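Overview (structure and organization)
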Amino acid sequence: MKRKIPFVLFIFSISMFFIFSGCSSKDNMVKNNNMNFIYEQTISPNADYVNDEKDIVNFTVEIYQDKDCIISVYAKSNSAFFEPIQYEVECGCQIAKSNVNIDWATLSGNPNPSENNQISIAYVSFSENGKVFDKRKINFVSKVVDIVEDSLSGR
């Protein structure tokens with residue numbers, strides 16, 4: 001067991017390096033032309049910790065809504081460890097930027113990141129008249145977590 005722990009730490013360290021280095025993933029999300037742009041937010045979890053701009057990783061969440069009040073959320077990143085995500089939220093009203101809230105956190109849930117505990121989660125919520133009607137978590141490092149879990153289980 002003692003030999004397995006350093007190996008797992010090594011795999012995790014390598015994985016974190018690749019996550020927060022400027023590897024690119026493909027943006028293969030399909031957007032409907034009949035959608036209205038509502039809001040977009042992009043953060044870079046590692047911009048303060050890299051020496052070269054090409055190593056900067058970006059996490060982006062885009063919000064659109066169609067004429068039938070369906071909200072579409074698109075999450076993308078230039079990290080090779082993140083596949084673009086899209087999901088829909090049924091809503092009985094038209095929303096504006098003021099109805100959208102995105103809170104960012106580290107894997108441990110801390111909203112205050114550090115070099116060793118960088119932002120990797122977006123909590124996207126929608127509200128109407130001050131009441132939240134949908135809140136979801138987007139994990140921008142889910143592939144790394146899968147890699148670590150697979151190495152721990154011996155797969």
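Positions within a chain are numbered from 1, following the residues in the order the chain's sequence is written. Where local features are concerned, this predicted model is filtered to residues with pLDDT of at least 70; where side-chain atom pairs are given and counted, the filter is 80 or more; whole-chain, interface and lining totals use all residues. With hydrogens and water set aside, each side-chain value is computed from the structure's full complement of heavy atoms.

**Points about the overall build of the chain**
- Per the secondary structure count, the chain includes two helices and seven strands.
- Each helix is a run of H or I in the DSSP string that is no shorter than four residues. Each strand is a run of E no shorter than two, and both are numbered from the N terminus. Reading the secondary structure of the chain in the N-to-C direction produces α-β-β-β-β-β-β-β-α.
- Looking at the chain as shown, the accessible area adds up to about 9400 Å², and 49% of this sits on carbon and sulfur atoms. Working definition of accessibility: Shrake-Rupley area with a 1.4 Å probe, residue cover restricted to the visible protein chains.

**A few points about the pairing of strand β5 (residues 100-106)**
- Working definition: with a 1.4 Å probe on protein chains only, accessible area under 20% of the residue-type maximum means buried, over 50% means exposed, and in between means partly exposed. With five of its seven residues buried, β5 lies for the most part within the structure.
- Strand pairing is assigned whenever DSSP identifies at least 2 bridges connecting the two strands. When β5 meets strand β6 (residues 119-128), the two strands line up antiparallel, connected through seven bridges. Among the inter-strand pairings, N101 is bridged to a residue of β6, identified as S125.

**Notes on the side chain of D134**
- Structurally, D134 is set in strand β7 (residues 131-139).
- Counting of polar contacts relies on pairs of N or O atoms within 3.5 Å, with two restrictions inside protein: one atom must be capable of donating a hydrogen and the other of accepting it, and residues adjacent in sequence are counted only when both atoms are side-chain atoms. A distance of 3.2 Å separates the side chain of D134 from the side chain of R136, its partner in a polar contact.
- Contacts between residues were defined by any pair of non-hydrogen atoms, one from each residue, lying within 4.5 Å. Setting aside chain neighbours within four positions, we find D134 in contact with Y87, V89, V124, S125 and F126.

**What to know about the sheet that holds β6**
- The strand order across the open sheet formed by three strands is β5-β6-β7, and the pairing between neighbours is antiparallel. Looking along the sheet, the strands with just one partner apiece sit at the ends: β5 and β7. On average, each strand axis in the sheet is inclined to that of its neighbour by 20 degrees, with strand direction left out of account. In this description, a line fitted to the C-alpha atoms serves as the axis of each element, helices being fitted only across the stretch in contact, and the angle between N-to-C directions of two axes falls anywhere from 0 to 180 degrees.

**Quick notes on the nonpolar core**
- Counting 25 residues, the largest nonpolar core has V61, I63 and I138 as its most contacted members.
- Elements with a contribution of two residues or more to this core: β1 (36-43), β2 (59-65), β3 (70-77), β4 (85-90), β5 and β6.
- With four residues, β6 is the largest single contributor of residues to this core.
- Contacts of I63, omitting those with residues within four sequence positions, involve N36, F37, I38, Y39, I71, S72, V73, I95, V100, V124 and F126. Remark: nonpolar core denotes a set of buried residues (Ala, Val, Leu, Ile, Met, Phe, Trp, Tyr, Cys) joined through side-chain atoms within 4.5 Å.

**As for unusual backbone geometry**
- Its identity is not glycine, yet C69 carries a phi of approximately 70 degrees, on the positive side.
- Locating C69 in the fold gives a position in the loop between β2 and β3.
- Despite not being glycine, N129 has its phi angle at roughly 55 degrees, a positive value.
- Its location among the elements puts N129 in the loop between β6 and β7.
- Judged by relative accessible area, N129 falls into the exposed class, the value being 76%.

**Topic: the sheet that holds β2**
- The four strands lie next to each other as β1-β2-β3-β4, forming an open sheet whose pairing is antiparallel. Both edges of this open sheet fall to β1 and β4, since each of them pairs with a single strand only. In this sheet, adjacent strand axes meet at a mean angle of 15 degrees when their direction is disregarded.

**Observations regarding the packing of aromatic side chains**
- Between 30 and 60 degrees the pair is tilted, below 30 it is stacked and above 60 it is edge-to-face, where a pair is any two Phe, Tyr or Trp rings, Trp via its six-membered ring, whose centres lie within 6.5 Å. Per the counting criterion, the structure on display carries six aromatic pairs.
- With a centroid separation of 6.3 Å and 25 degrees between ring planes, the pair formed by F126 and F133 is classed as stacked.
- Through successive ring pairs, a cluster of aromatic residues spans F59, F82, W104 and F140.

**Description of the confidence of the model for the chain**
- What pLDDT reports is the predictor's confidence in each residue, on a scale of 0 through 100. With 71% of its residues at a pLDDT of 70 or more, the chain has an overall mean of 81.
- Segment residues 7-29: pLDDT under 50, and 58 contacts once partners within four positions in sequence are set aside and those in other chains are kept.

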